[in-house]
Amino acid sequence: MKIVLYLIATPIGNLADITFRAIEILKSCDYILCEDTRHSAILLNHYAIHKPLKSYHKFNESFRTESVLEDLESGKIICLISDAGTPGISDPGADLVKQCIERNLPLTALPGPCAAIQALICSGLPTERFQFWGFLTRKENELKREMQIILDYQGTTICYESPHRLLDTLKIIEIMQPQRLLTVGRELTKKFEETVRGTATALIAHWQNNLLKGEITLLISPSPSESHQDWSTWTPEEHVEWAQQTYTLNRKEAIKLVAELRGVPKRQVYQELIKK
Ligand code: SAM
């Protein structure tokens, strides 16, 4: 069956990072779906691709999908690109793919840049097992809980993070796992590209006197197996002792962390400890 939908990866910074095949398909399709038509016009004009552009972003995705599916059913060839990188990865695309599969509409993807993979392969961290976390939560309390899950994972974790929040996130990791190795890929493929490796403390020091800006991908090394624990059956006392040892915390910090991990007020953990 003839392919009707092409998901096409586009550059994450350097305009030259696009394949010949991607340009060929973009030039021959009926129209291109993109997040921001003005943004994508820069890339498309650079390669003399003059096809109609239609906006397809998280705010119009659900109502735009129906008309896109009708066009695909009528045999139109449509390309989906995002502002940068691979569509469907923290970008629109996954829902359209699901609906195409349900309607037996043939689709394929043209491989290319993806910040997560780019950062991973340059990180020096293990690549044989990894999880993609996407964007970390913006809520401070939830972030600590997310971090516990991430720090417990026995492979490398890849997160997208904003430059405004990175230092606060590093400070949380610094408390929870001061020894853990991290990598930050910043502005990958661009003029000011840098990959910085080290503990949270070292990374915080790296940006202490420089304004942190640009696009950031944060990688967290795998959990050492001795810190990988199921604490659901532990008493608060056992949990606090474990947190003190594993994360090199004093008793007060450990109680705070245990309260956050268990989703209960600090006061409740203190009371449980006093009871003993
Ligand atoms: N779909 C895209 C991909 O495949 O990489 C990701 C889109 S997501 C909305 C954008 C996030 O990806 C940024 O906030 C940043 O965390 C990460 N990112 C994108 N470009 C990057 C770059 N050049 N260097 C480092 N991280 C980047």
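Starting from 1, residues in each chain are numbered consecutively following that chain's sequence as written. With pLDDT at 70 or above as the cut-off, local features in this predicted model cover only qualifying residues; side-chain atom pairs require 80 or more to be listed or tallied, and sums for whole chains, interfaces and linings still use all residues. In computing side-chain properties, one takes all heavy atoms of the structure into account and sets aside hydrogens as well as water.

1. Details of the packing of aromatic side chains
Aromatic ring pairs are defined here through the distance separating the ring centres and the angle between the ring planes. Geometry of aromatic contacts follows a simple scheme: Phe, Tyr and Trp rings, the Trp one being its six-membered ring, pair when their centres are within 6.5 Å, and the pair is stacked under 30 degrees between planes, edge-to-face over 60, tilted otherwise. Under the counting rule described, the total for this entry stands at three aromatic pairs. Seen in terms of ring centroids, Trp234 and Trp242 are 5.4 Å apart; in terms of plane orientation they differ by 65 degrees. Their pairing is edge-to-face. For Trp234, a relative accessible area of 18% gives the class buried. Linked through ring pairs, Phe132, Phe135 and Tyr160 together constitute an aromatic cluster. Buried residues are those whose accessible area, probed at 1.4 Å on protein chains only, stays under 20% of the maximum for their type, while exposed residues exceed 50% and partly exposed ones sit between those limits.

2. Observations concerning the side chain of Glu161
Residue position: Glu161 is located in strand E7 (residues 156–161). Polar contact is the term for a pair of N or O atoms within 3.5 Å; when the atoms are in protein, one must be able to donate a hydrogen and the other to accept it, and sequence-neighboring residues count only if both atoms are side-chain atoms. Of the polar contacts made by the side chain of Glu161, one reaches the side chain of Thr169; its length is 2.6 Å. Any pair of residues with heavy atoms lying within 4.5 Å of one another is described as a contacting pair. If near-sequence neighbours (up to four positions away) are discounted, Glu161 is found in contact with Phe135, Leu136, Leu166, Thr169 and Ile216. Secondary structure elements follow DSSP: runs of H or I no shorter than four residues count as helices, runs of E no shorter than two count as strands, and numbering proceeds from the N terminus.

3. Some remarks on the pattern of salt bridges
The salt bridge definition used is simple: a Lys or Arg side-chain nitrogen within 4 Å of an Asp or Glu carboxyl oxygen. Going through the model one piece at a time under the given rule, you end up with 12 salt bridges. Note that Lys139 is salt-bridged to Glu142, the shortest N-O span being 3.9 Å. In this structure, Glu194 and Arg186 form a salt bridge, with 2.8 Å as the shortest nitrogen-oxygen distance. As far as burial versus exposure is concerned, Glu194 and Arg186 are alike and both buried. The network of salt bridges with common partners includes Glu66, Glu73 and Arg103.

4. Here's the deal with a nonpolar patch on the surface
Only residues whose relative accessible area exceeds 30% and that form no salt bridge are eligible for patches; like-charged ones are grouped when within 9 Å, while nonpolar side chains (Val, Leu, Ile, Met, Phe, Trp, Tyr) are grouped when within 5 Å. The accessible surface values rely on the Shrake-Rupley method and a 1.4 Å probe; as for residues, cover is taken only from the protein chains in view. The grouping of Ile117, Ile121 and Phe130 at the surface amounts to a nonpolar patch, some 270 Å² of accessible area in total. For Phe130, a relative accessible area of 36% translates into the label partly exposed.

5. Remarks on the nonpolar core
By nonpolar core is meant a set of buried Ala, Val, Leu, Ile, Met, Phe, Trp, Tyr and Cys residues that side-chain atoms within 4.5 Å join together. Formed by 36 residues in total, the largest nonpolar core has its most connected members in Met147, Leu166, Leu170, Ile173, Leu218 and Ile220. Broken down by secondary-structure element, the contributors of at least two residues to this core are helix H6 (140–152), helix H7 (166–176), strand E8 (182–186), helix H8 (200–207), strand E10 (216–220), helix H9 (236–246), helix H10 (251–262) and helix H11 (266–275). If you tally residues by element for this core, the top one is H10, at six residues. Built from parts of two domains, this core gets at least three residues from each of domain 2 (116–220) and domain 3 (231–274). Marked domain ranges trace back to an automatic or database domain assignment.

6. Re helix H4 (residues 94–102)
Along H4, the positions that sit buried rather than exposed are Leu96, Val97 and Cys100. Projection of H4 onto a plane perpendicular to its axis shows the buried side chains occupying an angular sector of 100 degrees, all on one side. In this structure, H4 carries Lys98, Ile101 and Glu102 as exposed residues pointing more than 90 degrees from its buried face. In this structure, the buried side of H4 is in contact with strand E1 (5–8), strand E2 (31–34), helix H3 (61–73), strand E4 (78–80) and strand E5 (107–110). Looking at the residues trailing H4, positive phi occurs at Asn104, about 60 degrees. Throughout, the arc means the angular range of directions from the helix axis out to the C-beta atoms.

7. Topic: H3
With 13 residues, H3 should cover 18 Å at 1.5 Å per step; its first-to-last C-alpha distance of 18 Å lies within 8% of that length. Considering only its buried residues, H3 is in contact with E1, E2, strand E3 (53–55), E4 and H4. A positive phi of about 100 degrees marks Gly75, the residue just after H3. Expected helix span is taken as 1.5 Å per residue step, with the number of steps being one fewer than the number of residues.

8. Describing the domain arrangement of the protein chain
Per the domain assignment, the segments making up the protein chain are domain 1 (5–113), domain 2 (116–220) and domain 3 (231–274). Taking only C-alpha atoms, the centre of domain 2 and the centre of domain 3 are 25 Å apart. Taken together, the contact pairs eight residues of domain 2 with 11 residues of domain 3. Between domain 2 and domain 3, a total of about 850 Å² is buried, with carbon and sulfur atoms accounting for 52% of that surface. On inspection of domain 2 and its partner domain 3, the count reaches zero salt bridges. The interface formed by domain 2 and domain 3 holds zero residue pairs in polar contact (both at pLDDT 80 or more) in total. Of all elements in the fold, only H6 and H7 reach the threshold of two or more residues within the side of domain 2 that touches domain 3. Buried surface area refers to the total accessible area, computed with a probe of radius 1.4 Å, that the two partners give up upon joining, counted for both partners together.

9. Quick word on the site of the ligand
Among the 19 residues in the neighbourhood of the ligand, the closest are listed as Thr86, Ile89, Asp91, Ala115 and Ile216. Between a nitrogen atom of the ligand and a side-chain N or O atom of Asp91, the distance comes to 2.8 Å. Between Thr217 and the ligand, the recorded distance is 2.9 Å, taken from a side-chain N or O atom to a nitrogen atom. The cavity that encloses the ligand is the largest pocket. Among the secondary structure elements, those contributing two or more residues to the shell around the ligand are E7 and E10. Partitioned by chemical class, the residues of the shell around the ligand number nine nonpolar, five polar and five charged. Of the residues that make up the shell around the ligand, three or more belong to each of domain 1 (5–113) and domain 2 (116–220). Put simply, a residue is near a molecule or strand once any heavy atom of it comes within 4 Å of that molecule or strand. Throughout, the protein atoms alone are placed on a 1 Å grid, and a set of points is a cavity if a 1.4 Å probe fits but cannot get out or a pocket if it is open with protein on both sides within 12 Å along at least five of seven lines; lining residues have an atom within 4 Å of a point. A molecule is said to be in a cavity or pocket once over half of its atoms fall within 2 Å of that pocket's grid points. Gly counts as polar in this scheme, as do all residues outside two lists: the nonpolar Ala, Val, Leu, Ile, Met, Phe, Trp, Tyr, Cys and Pro, and the charged Asp, Glu, Lys and Arg.

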